[in-house]
Amino acid sequence: MTGLFVRTVVVSLTAMACVAMPVKASDHLNYGMARVTDACRSPEVLGFITSGFGARAAGYLKMDIAIAEIRDMRQKRIVLRDKTRPVQREYCHATAITTDGEKRALWYLIERGFGFAGIGSNIEFCLSGLDPWSVYGAQCASLR
């Protein structure tokens, strides 16, 4: 019986050694699915903001205004996911040109690991001067 047990343990350890992934020194910085991306320039993110603003402008602002163009997108800062922060956050800034011809500061936040069971993402955005109830603070302060 002891021989069977020893053989089982040896086979199990050998199998685990074959599929084990090497650990890199940077792994402790990138807990879970944290990653540095260029999401601030992502067409999907910018499309979500453009369509979302159109719906908000009509529903909440009661204005016939839309985002005509978004330019100069850049990441302002990133908070990577780790053992104390289960959600990765990327804070972005851009310039939005609206259909009334105005250039406005666009602040947006991309959150990963935000949804049910940590799967999914969330995008929040604010155009300076078009947040009459200061949902995101004065001049979009909470998204900066």
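Higher on the page you've got the structure.
The residue numbering used here restarts from 1 in each chain and proceeds along that chain's sequence as written. Confidence filtering applies because this is a predicted model: local features only for residues at pLDDT of at least 70, side-chain atom pairs given and counted only at 80 or more, and all residues used for totals across whole chains, interfaces and linings. Note that water and hydrogens are dropped before the side-chain values are worked out from all heavy atoms of the structure.

Glancing now at the layout of surface pockets. The rule is simple: put a 1 Å grid over the protein atoms alone, call a set of points where a 1.4 Å probe fits but cannot get out a cavity, call an open set with protein on both sides within 12 Å along at least five of seven lines a pocket, and count a residue as lining if it has an atom within 4 Å of a point. Grid points are joined across faces, edges and corners, and a volume is the space filled by probe spheres set on the points. Within this model, the largest pocket holds a volume of roughly 230 Å³. If you go around the largest pocket, you meet 14 residues; those closest to its centre are Arg56, Tyr60, Leu130, Asp131 and Tyr136. Helix numbering and strand numbering both begin at the N terminus, where a helix is a DSSP run of H or I of at least 4 residues and a strand a DSSP run of E of at least 2. Counting residues per element, the ones that place at least two in the lining of the largest pocket are α2 (43-61) and β4 (121-127). Examining the composition of the lining of the largest pocket, we find that 5 residues originate from one element, α2, more than from any other. Each residue receives one of three labels: charged for Asp, Glu, Lys and Arg, nonpolar for Ala, Val, Leu, Ile, Met, Phe, Trp, Tyr, Cys and Pro, and polar for the others, Gly being one of them. Of the residues in the lining of the largest pocket, the class split is 12 nonpolar, no polar and 2 charged.

Let's shift gears to a nonpolar patch on the surface. Two joining distances apply to patches: 9 Å for like charges and 5 Å for nonpolar side chains (Val, Leu, Ile, Met, Phe, Trp, Tyr), and every residue must have over 30% relative accessible area and no salt bridge. Surface exposure here means Shrake-Rupley accessible area, sampled with a 1.4 Å probe, where a residue is shielded only by the protein chains that are shown. Salt bridges are defined by distance alone: a side-chain nitrogen of Lys or Arg within 4 Å of a carboxyl oxygen of Asp or Glu. Taken together, the side chains of Tyr60, Trp133 and Val135 define a hydrophobic patch exposed on the protein surface, amounting to about 410 Å² of accessible area. When accessible area is computed with a 1.4 Å probe and restricted to protein chains, residues below 20% of their type maximum are described as buried, those above 50% as exposed, and intermediate ones as partly exposed. Taking the relative accessible area as the measure of exposure, Val135 reaches 57% and is therefore exposed.

Next up on the list: the state of the cysteines. Count a disulfide wherever a pair of cysteine sulfur atoms falls within 2.5 Å. Across all of its chains, the model carries 2 disulfides by this definition. With its sulfur 1.9 Å from that of its partner, Cys40 forms a disulfide with Cys92. On the sign convention where negative means left-handed, the S-S torsion of about -70 degrees between Cys40 and Cys92 marks this disulfide as left-handed. You can see Cys40 sitting in the loop between α1 (2-19) and α2 and its partner Cys92 sitting in strand β2 (residues 88-98), a full 52 residues away along the chain. The exposure class of Cys92 is buried, given its relative accessible area of 0%.

Looking now at the environment of Gln139. Looking at the element boundaries, Gln139 is found in the segment after β4. A C-alpha to C-alpha distance of 9.3 Å links Gln139 and Trp107, two positions 32 residues apart in sequence. If near-sequence neighbours (up to four positions away) are discounted, Gln139 is found in contact with Trp107, Ser128, Gly129 and Arg144. Contacts are assigned to residue pairs that have any heavy atoms within 4.5 Å of one another.

With that settled, consider the pattern of salt bridges. Under the counting rule described, the total for this entry stands at 6 salt bridges. Glu69 is the salt-bridge partner of Arg71, the closest N and O atoms lying 3.1 Å from each other. When its relative accessible area of 31% is taken as the criterion, Arg71 is described as partly exposed. Two residues, Arg104 and Asp100, come together in a salt bridge whose shortest N-O distance is 3.3 Å. You can call Arg104 buried: its relative accessible area is 15%. For Asp100, a relative accessible area of 42% translates into the label partly exposed.

Any functional reading would require information that these geometric values do not contain.
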